[in-house]
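# What the coordinates show
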Amino acid sequence: MIRAIIFDLDGVLVQTEKLKSLAYAKAVQRIRNLPEPDFRASNAYREVVGAPREITSTYVMNKLGLEEDLRSLMSKYDVSRPVDALTALRYEIYYEMIEDPQIIRDNQWPTH
């Protein structure tokens, strides 16, 4: 008897890499109080997509020169390194996005 089924939806049914990329752009928008997401962060993320999150966040932080900006967020996220503040903020934004069913629907892979 089957009691449970587990689905791995990370990138299989939903374009999660696209959403993670957008989360980085929105993170930089918040960090620097910009009027729009900074898609340079998305481009940097795409250059290392698939790498472990520490490498990805470090790359985005260095590419955009965010280290000093992130220092002010370290206490908010209770972390000891600027890169960890970026990772925490990116996760916060990503989870906000995926809680919205419409965002999930809008980012489904085509079914044809």
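Residues numbered from 1 in each chain as written. Predicted model: local features only at pLDDT ≥ 70, side-chain atom pairs only at ≥ 80, totals over all residues. Heavy atoms only, no water.

This part covers the side chain of Arg90. Here Arg90 is to be found in helix H5 (residues 82-98). Glu17 is the oppositely charged side chain nearest to the buried, salt-bridge-free Arg90, at an N-O distance of 7.6 Å. Setting aside residues up to four positions removed in sequence, Arg90 forms contacts with Lys20, Ala23 and Tyr24. (Helix = DSSP H or I, 4+ residues; strand = E, 2+ residues; numbered from the N terminus. Buried < 20%, exposed > 50% of the residue type's maximum accessible area, 1.4 Å probe, protein only. Lys, Arg positive; Asp, Glu negative; His and termini not counted. Salt bridge = Lys/Arg side-chain N within 4 Å of Asp/Glu carboxyl O. Contact = heavy atoms within 4.5 Å.)

Let's shift gears to the nonpolar core. Counting residues in hydrophobic clusters, the biggest one holds 25 residues, and the most contacted among them are Val60, Leu66, Leu70, Leu73, Leu86 and Leu89. Listing elements by their share of this core, those giving two or more residues are helix H1 (16-31), helix H2 (39-47), helix H3 (53-64) and H5. The element that contributes the greatest number of residues to this core is H5, accounting for seven residues. Every residue in contact with Leu86, bar those within four places of it in the chain, is listed here: Tyr24, Ala27, Ile31, Ser57, Val60, Met61, Leu66 and Leu70. (Core = buried A, V, L, I, M, F, W, Y, C linked by side-chain atoms within 4.5 Å.)

The first and last C-alpha atoms of H1 sit 22 Å apart over 16 residues, in line with the 22 Å expected at 1.5 Å per residue. Buried residues of H1: Thr16, Leu19, Lys20, Ser21, Ala23, Tyr24, Ala25, Ala27, Val28, Gln29 and Ile31, and no others. Structurally, H1 contributes buried residues whose contacts are with H2, H3, helix H4 (67-71), H5 and helix H6 (101-106). Taken from the residues just after H1, Asn33 is the one with a positive phi, measuring 50°. (Expected span 1.5 Å × (residues − 1).)

Scanning the entire structure with this criterion turns up three aromatic pairs. Here the aromatic cluster, defined as three or more aromatic residues joined through ring pairs, consists of Tyr91, Tyr94 and Tyr95. If you follow Arg90 out to its NZ or CZ, it ends over the ring of Tyr91, 4.4 Å from the centre. In this arrangement the basic side chain of Arg90 is found over the ring face of Tyr94, its NZ or CZ atom lying 5.6 Å from the centre. (Phe/Tyr/Trp six-rings, centres within 6.5 Å; stacked < 30°, edge-to-face > 60°. Lys NZ or Arg CZ within 6 Å of the ring centre and 35° of its normal.)

Looking at the secondary structure, you find Ser75 in the loop between H4 and H5. You can call Ser75 exposed: its relative accessible area is 66%. Note: C-alpha distance between Ser75 and Tyr95 (20 residues apart in sequence) is 20 Å.

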